[in-house]
Amino acid sequence: MRESALETENRELNLSVGENQTISASDIKSFSEGNEGIVEVRLTPESKDFVVVGKKPGATTLLLIRRSGEQVLYTIQVFARAMELVQGELNKLLNGYTGLRIRRIGPRIFIEGGVSSQAEVDRLKQIASLYPGQVESLVVLGGAAADRRNNIRLDLYFVQFDKNRSYGVGVSYPTEIRGNFSGVFDFLASRWTRAQATVTNQALPGLDFAAAHGWAKILRHSTVITSNGSEAEFNSGGEQNFRVAGGLAATIQSVSFGTKVTVLPRFDPVTRELEVKVQALVTDLTDAATGSDLPGRNITNLDTQVSLKLGQSLILSGIQGKSQRHAVTGLPLLSDIPLLGIFFGRHADAQEQTEGALFLVPSVIESMPRDRERLVGDLLKEYDHYSGSPQGDPHGLPGARP
């Protein structure tokens, strides 16, 4: 019993340079300081308290021996800056980062979380080096932001609207008149047995007064669900093969199309802020150009990183284009006469207008705690086979209430 009463009691004391704290000196017979110069230990004039003052950064110990023989060992850590001041400065330096957490454990502060680039990892390590022995950065590249238990859902809407209008008016003249002749001549009879002549282009002009207009709307909706701080990739599309003749052999040419989306979300449940890195590539096949069997492709590419509050939606890209073409064909010089030129040529005008946008709608799917999930499961089992009235039924569950 005597040995257990004389066991050493261990305590911790954290100070900054210039800071002081008091320790009760009642019933203290003697004391001993470890590394001298780290702190200064003073006894008040009334000999009731010890005043411990931090002198320089470092670690030391202070052993107090009571009159009963019991010992109290203080492990003292002296820092260059006060912990509260350091924590306040870190909050300001890390303002704007999502998915980072400052955690204080004893005399040290840890920065935890994940960021999207190596430059940010290096910057956070440099911030931690400003407070040696006090702050340590545990931030990793591409790691979980704050809590992987949360799943992030991203809905991406690709919207494209095409509108066209065209007309042609006037007299259309052929650019050239050609003819073909074919026949069979009998040399014995000295006569033509069969002959045929054709005119390939119409020699007479034609009247043109047609107009056309219309619109097309293209909508693509992609949904990606991933855990907080984890990258997800979505691919949807295909390839179309075309036969291309060249020289003495024919080859197969593949043209790919579709949608490819890569997202990296980071959600901070404390500030309810969401940071999303999005890479999107959308390709559509178009009609083949004149003289070719291979189609073209419309390509929309997006690479961005945005920050927004939970519940907000964002238009990541928007483009609006307008084109107009005017062509005049007909008799030289005469078709260029104002107003009267429509009797000697054809005037055509075409207008095209295109609008495209990409909408990002994020949402957080928070997982249910296990105790609540178990409670809901028990209630569903309780009422699984219930078929009585809300106020209770002898054939159902007795005493059931809504």
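The rules behind the values
Residues numbered from 1 in each chain as written. Predicted model: local features only at pLDDT ≥ 70, side-chain atom pairs only at ≥ 80, totals over all residues. Heavy atoms only, no water. 1 Å grid on protein atoms, 1.4 Å probe; cavity = no way out; pocket = protein on both sides within 12 Å on 5 of 7 lines; lining within 4 Å. Points joined across faces, edges and corners; volume = space filled by probe spheres on them. Helix = DSSP H or I, 4+ residues; strand = E, 2+ residues; numbered from the N terminus. Nonpolar A, V, L, I, M, F, W, Y, C, P; charged D, E, K, R; others polar. Buried < 20%, exposed > 50% of the residue type's maximum accessible area, 1.4 Å probe, protein only. Contact = heavy atoms within 4.5 Å. Arc of directions from axis to C-beta. Core = buried A, V, L, I, M, F, W, Y, C linked by side-chain atoms within 4.5 Å.

Draft legend 1. Main features of the layout of surface pockets. The space that makes up the second largest pocket amounts to roughly 230 Å³. For the second largest pocket, the lining is made up of 12 residues, of which Leu94, Tyr97, Leu100, Asp268 and Thr271 are closest to its centre. The set of elements that each furnish at least two residues to the lining of the second largest pocket consists of α2 (83-93) and β8 (100-105). For the lining of the second largest pocket, the leading source of residues is β8, giving 3 residues. Counted by class, the lining of the second largest pocket contains 5 nonpolar, 4 polar and 3 charged residues.

Draft legend 2. Main features of the environment of Gly133. By the element assignment, Gly133 lies in the loop between α3 (118-129) and β10 (135-137). Taking relative accessible area as the criterion, Gly133 reaches 52% and is therefore assigned exposed. As for Gly133 and Gly58, which are separated by 75 residues in sequence, their C-alpha atoms are 9.1 Å apart. Here Gly133 is in contact with Phe79, Pro107 and Arg108, once residues within four sequence places are set aside.

Draft legend 3. Inspection of α2 at higher detail. Every buried residue of α2 is accounted for by Met83, Val86 and Leu90. The arc that holds every buried residue of α2, seen down its axis, measures 60°, which confines them to one face. Across from the buried face of α2, at angles greater than 90 degrees, the exposed residues are Glu84 and Lys92. Buried residues along α2 sit against β7 (71-79), β8, β9 (108-115), α3 and β10.

Draft legend 4. Focus on the nonpolar core. By size, the foremost hydrophobic cluster in this structure holds 20 residues, and its most contacted members are Leu154, Leu156, Phe158, Val263, Val276 and Leu360. Residue assignment for this core shows that the elements contributing at least two residues are β12 (151-172), β17 (249-268), β18 (273-288), β19 (295-309) and β21 (345-365). Take this core: its biggest share by element is 5 residues, from β18. Dropping the residues within four chain positions of it, Val276 is found in contact with Leu154, Leu264, Pro265, Thr304, Gln305, Val306 and Leu360. In terms of nonpolar packing, the next biggest core, distinct from the first, is built from 17 residues, Val86, Leu90, Ile127 and Val135 among them.

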